[in-house]
Amino acid sequence: MGTLVELSPLTRIEGHLGIRLELDGGKVASAYCAGEMFRGFENILRGRDPLDAQQITQRICGVCPISHGLASILAQEQIYNPALTPNGVIARNLILGANYIQSHLIHFYQLSALDFVDVTAILGYHGADPALNDLRDWVSGQRKAGAISPGAPFLPRYAGHYIQDAGLNVGALKHYLQALDMRALAHQAVAIWAGKVPHATALAPGGVTEQVSAKKIAAYAAIIDQLRVFIDTAYLPDILAVATAFPEYFQHGAGPGDFMAYGVFPQEDGFLLPAGRVSHGQAASLDLTKITEQTTHSLFSSPSGLHPTKGQTIPAPRKSGAYSWLKAPRYDNRPQEVGPLARILVAYQAGQAQVREMVDQLLGALGRQPAELNSAMGRHAARAIECKLVAEACARWINQLKPGEPTYADFDVPASGAGAGLIEAPRGALGHWIEIADYRIANYQCVVPTTWNCSPRDDAGVPGPVESSLEGLPVADPQNPLEAARIVRSFDPCLACAVH
């Protein structure tokens, strides 16, 4: 056996994720990705009033509750069949769009950028920026006071190669601080239509319960304008700078080569980001009946290979041969990568003009080809492109609202029925499946983005996308596996969602 490396828990992600690497000759020979806790939301929902579902499922995650709420609502609406209003559909897009922006900004600046930016550069800062001076003085003060972890969460960190340019590092740290304010602004934009965040109360089957007014339109538009400026002047330039400084990450971190998206943001001419699949660079069909969840290596005694409509959640913490609290979703028995990269590749293959223009422009600036997007750096680039795309769409949608017209349509809840709610969360394809019997939830199953990406091996022993993306990766220092951390964080894992 070669060298074993444990990254457990992997920090700067959402939830508890364990990564185990087996190195041979300085490269990852095998990787194992484990969700380390059980939550049981699907069991909590059984027997509840179905109209509780969109509120309870939002508690699965504090970063993407909007997506879970909307997935639950879409599943229920397949049963209730309400006549949605144009205002209701647009308001949902505005809520989810602002949630996307805050999620993508926090992923890059607060979670991933510190894998590349040298935060110690702040100690040499002598400029006049008050925020940076406060940050420098805070880190210096903690070091002098002998704090156990001075500068946390910036430090400690893995030793390794970081950006060398002091000006670039300081600029990125300035944007790190500004991104906190931008995230708060995006939350405020969500709250204009959703009531509060996280765990919005205005989301309901039939639309949203918040009314449209000219004052709210103006407030949302003003926030989106500020976010668009930050995306154009900070986020995209920082992505270009990091991609230029670390070109090798266009060769590291490739997933299994199969990508899937359910489609999101309905418009008059279809989804802004369409549904579909891409298999090894070619567009492929999407048949939702081919989705199953396999459990051979999962800590569940539930039968393996069930479609989510028949899914079961039976925990088995002492199951032999299992190593994760995640099931292994598969499409036609194949692992699928989901997330911003999957959405952008599906849209690119579908010929979405704006996506093709933005992708070609960014890749041209970096001297890269579309095939190189299947990589760790490709995920960062796709996420930034999508952030700009969604922000610009929000700026269009806000002007399509009509003050005074309804945002909500009433409906009746039948005694029985079944539905599927498919949507794209910021982290990828999200599906909720509900069955109602005698006015109560008889069964509820969620298959979430990180369950796809961080899944354990399936019944055939095929690794999940994160596991396969790590295999073959050179690791220079097993005590400081910075390369592996960069690959895993490029997926933006959310284990709180995955172990729902």
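Quick caveat: nothing in here was measured; it's all calculated off a predicted structure.

As for the overall build of the protein chain
Phase 1 of the analysis: In terms of helices and strands, the protein chain carries 14 helices and 13 strands.
Phase 2 of the analysis: Taken against the 2.2 N^0.38 rule, which gives 23 Å for 500 residues, the C-alpha radius of gyration of the protein chain at 22 Å falls within 12% of a compact globule.
Phase 3 of the analysis: In terms of principal-axis extent, the alpha carbons of the protein chain reach across some 65 × 60 × 45 Å.
Phase 4 of the analysis: Put simply, the protein chain has 500 residues, and 58% of those count as buried.
Phase 5 of the analysis: The contacts of the protein chain with a sequence gap of at least 6 include a subset with a gap of at least 24, amounting to 72%.
Phase 6 of the analysis: Accessible area for the protein chain stands at about 18,500 Å²; split by element, carbon and sulfur atoms hold 53% of it.
Phase 7 of the analysis: Across the protein chain, the 39 positively charged side chains and the 46 negatively charged ones have centroids separated by 3 Å.

Topic: unusual backbone geometry
Keep in mind that most residues, glycine aside, have a negative phi and that most peptide bonds are trans.
Phase 1 of the analysis: The residue after Leu155, namely Pro156, is reached through a cis peptide bond having omega 0 degrees.
Phase 2 of the analysis: Turning to its location among the elements, Pro156 is positioned in the loop between helix 5 (130–145) and helix 6 (166–194).
Phase 3 of the analysis: Following Val197, the chain continues into Pro198 via a peptide bond in cis, with omega recorded as -5 degrees.
Phase 4 of the analysis: Among the secondary structure elements, Pro198 is positioned in the loop between helix 6 and strand 4 (203–204).
Phase 5 of the analysis: The phi dihedral of Asp438 falls on the positive side, at around 55 degrees, and the residue is not glycine.
Phase 6 of the analysis: Residue placement: Asp438 occurs in the loop between strand 12 (428–437) and strand 13 (440–447).
Phase 7 of the analysis: For Asp438, a relative accessible area of 62% translates into the label exposed.

Side note on the packing of helix 8 (residues 340–349) against helix 10 (residues 376–397)
Phase 1 of the analysis: Across the interface, helix 8 lies against helix 10 with an axial gap of 8 Å and an inter-helix angle of 70 degrees. Considering their axes alone, helix 8 and helix 10 lie roughly perpendicular with respect to each other. The segment helix 8 lies against helix 10, with Pro340, Leu341, Arg343 and Ile344 engaging Gly378, Arg379, Ala382, Arg383, Ile385 and Glu386.
Phase 2 of the analysis: For the contact of helix 8 with helix 10, the per-class residue count stands at five nonpolar, one polar and four charged.

Some words on the pairing of strand 11 (residues 417–425)
Phase 1 of the analysis: Pairing analysis gives nine bridges linking strand 11 to strand 12, with the strands arranged antiparallel. Pairing of Gly419 across the sheet is with Ile434, part of strand 12.
Phase 2 of the analysis: In textbook terms, the turn of a hairpin is the stretch between consecutive antiparallel strands, and for strand 11 and strand 12 this stretch comprises two residues.

Things to note about the environment of Lys196
Phase 1 of the analysis: Its place among the elements puts Lys196 in the loop between helix 6 and strand 4.
Phase 2 of the analysis: In contact with Lys196, not counting residues within four places along its chain, are Ala191 and Thr201.
Phase 3 of the analysis: A distance of 2.9 Å separates a polar atom in the side chain of Lys196 from the backbone oxygen of Pro198.
Phase 4 of the analysis: Only 3.2 Å separates the side chain of Lys196 from the backbone oxygen of His199, close enough to count as a polar contact.

Thoughts on the UniProt feature "binding site: Fe cation" (unreviewed entry) in the protein chain
Phase 1 of the analysis: Under the local residue numbering, the UniProt record ascribes the feature "binding site: Fe cation" (unreviewed entry) to Cys64 and Cys497. These annotated residues cover 434 residues of sequence, and their C-alpha atoms lie no more than 8.8 Å from one another, placing them together at a single site.
Phase 2 of the analysis: Summarising the element assignment, Cys64 is placed in the loop between helix 2 (53–56) and helix 3 (65–80).
Phase 3 of the analysis: Overall, Cys64 belongs to the buried group, its relative accessible area being 2%.
Phase 4 of the analysis: Looking at the element boundaries, Cys497 is found in helix 14 (residues 495–498).
Phase 5 of the analysis: Classification of Cys497 by relative accessible area gives buried; the value is 3%.

Focus: the packing of aromatic side chains
Phase 1 of the analysis: Inspection of the entire model under this criterion finds 17 aromatic pairs.
Phase 2 of the analysis: A ring pair is formed by Tyr80 and Phe411, whose centres lie 4.9 Å apart and whose planes are at 5 degrees; its orientation type is stacked. Note that Tyr80 is positioned in helix 3 and Phe411 in the loop between helix 10 and strand 11, a separation of 331 residues in sequence.
Phase 3 of the analysis: Between Phe108 and Tyr109, the ring centres sit 4.9 Å apart and the planes meet at 80 degrees, which makes this aromatic pair edge-to-face. Exposure class is identical for Phe108 and Tyr109. Each is buried.
Phase 4 of the analysis: Three or more aromatic residues joined by ring pairs form one cluster here, namely Phe108, Tyr109, Phe230 and Tyr235.

With respect to the nonpolar core
Phase 1 of the analysis: One finds Leu21, Trp193, Tyr220 and Leu470 to be the most contacted residues of the largest nonpolar core, which totals 151 residues.
Phase 2 of the analysis: At 14 residues, helix 10 tops the list of elements feeding residues into this core.
Phase 3 of the analysis: Judged by nonpolar contacts, the second largest core, of 10 residues, contains Tyr331, Val338, Ala420 and Val447.

Points about the UniProt feature "binding site: Mg(2+)" (unreviewed entry) in the protein chain
Phase 1 of the analysis: Mapped onto this numbering, the UniProt entry annotates "binding site: Mg(2+)" (unreviewed entry) at Glu42 and His500. For this annotated set, covering 459 residues, all C-alpha atoms fall within 7.4 Å of each other, a compact arrangement in space.
Phase 2 of the analysis: Excluding its chain neighbours within four sequence positions, the residues that come into contact with Glu42 are Thr313, Tyr444, Gln445, Cys446 and His500.
Phase 3 of the analysis: Within the secondary structure, His500 sits in the segment after helix 14.
Phase 4 of the analysis: If sequence neighbours within four positions are ignored, His500 has contacts with Arg39, Gly40, Phe41, Glu42, Ile60, Cys446, Val448 and Thr451.

Here's the deal with the packing of helix 5 against helix 6
Phase 1 of the analysis: Taken N-terminus to C-terminus, the directions of helix 5 and helix 6 make an angle of 100 degrees; their axes are 10 Å apart at the nearest point. With respect to helix 6, the axis of helix 5 lies roughly perpendicular. Of helix 6, the residues touching helix 5 (which contributes Ala131, Leu132 and Leu135) are Val170, Leu173, Lys174 and Leu177.
Phase 2 of the analysis: Here the contact of helix 5 with helix 6 is composed, by residue class, of six nonpolar, no polar and one charged.

Re the side chain of Ser298
Phase 1 of the analysis: Relative to the elements of secondary structure, Ser298 occurs in the loop between strand 9 (291–294) and strand 10 (328–331).
Phase 2 of the analysis: Ser298 has contacts with Lys319, Ala322, Ser324, Leu326, Lys327, Ala328 and Pro456, leaving out every residue within four places of it along the chain.

Here's the deal with the pattern of salt bridges
Phase 1 of the analysis: Scanning the model with the defined rule gives 22 salt bridges in all.
Phase 2 of the analysis: Note that Arg343 and Glu424 form a salt bridge whose closest N and O atoms lie 2.7 Å from each other. Taken together, the positions of Arg343 in helix 8 and Glu424 in strand 11 put the pair 81 residues apart, joining distant regions of the chain. For the pair Arg343 and Glu424, one class covers both residues: buried.
Phase 3 of the analysis: The salt bridge involving Lys388 is made with Glu392; its shortest N-O contact spans 2.8 Å. On the criterion of helical spacing, the pair formed by Lys388 and Glu392 is a turn pair, its members being four residues apart in helix 10.

Procedures and definitions
Residues numbered from 1 in each chain as written. Predicted model: local features only at pLDDT ≥ 70, side-chain atom pairs only at ≥ 80, totals over all residues. Heavy atoms only, no water. Helix = DSSP H or I, 4+ residues; strand = E, 2+ residues; numbered from the N terminus. Rg over C-alpha atoms; globule rule 2.2 N^0.38 Å. Buried < 20%, exposed > 50% of the residue type's maximum accessible area, 1.4 Å probe, protein only. Contact = heavy atoms within 4.5 Å. Areas by Shrake-Rupley, 256 points an atom, 1.4 Å probe, with all protein chains shown as cover. Lys, Arg positive; Asp, Glu negative; His and termini not counted. Charge placed at Lys NZ, Arg CZ, Asp CG, Glu CD. Axes fitted to C-alpha atoms, helices over the stretch in contact; angles between N-to-C directions. Parallel < 35°, antiparallel > 145°, perpendicular 65-115°, else oblique. Nonpolar A, V, L, I, M, F, W, Y, C, P; charged D, E, K, R; others polar. Pairing = 2+ DSSP bridges. Polar contact = N/O pair within 3.5 Å; in protein donor to acceptor, adjacent residues only side chain to side chain. UniProt positions renumbered as here; feature names shortened; annotations may be inferred. Phe/Tyr/Trp six-rings, centres within 6.5 Å; stacked < 30°, edge-to-face > 60°. Core = buried A, V, L, I, M, F, W, Y, C linked by side-chain atoms within 4.5 Å. Salt bridge = Lys/Arg side-chain N within 4 Å of Asp/Glu carboxyl O.

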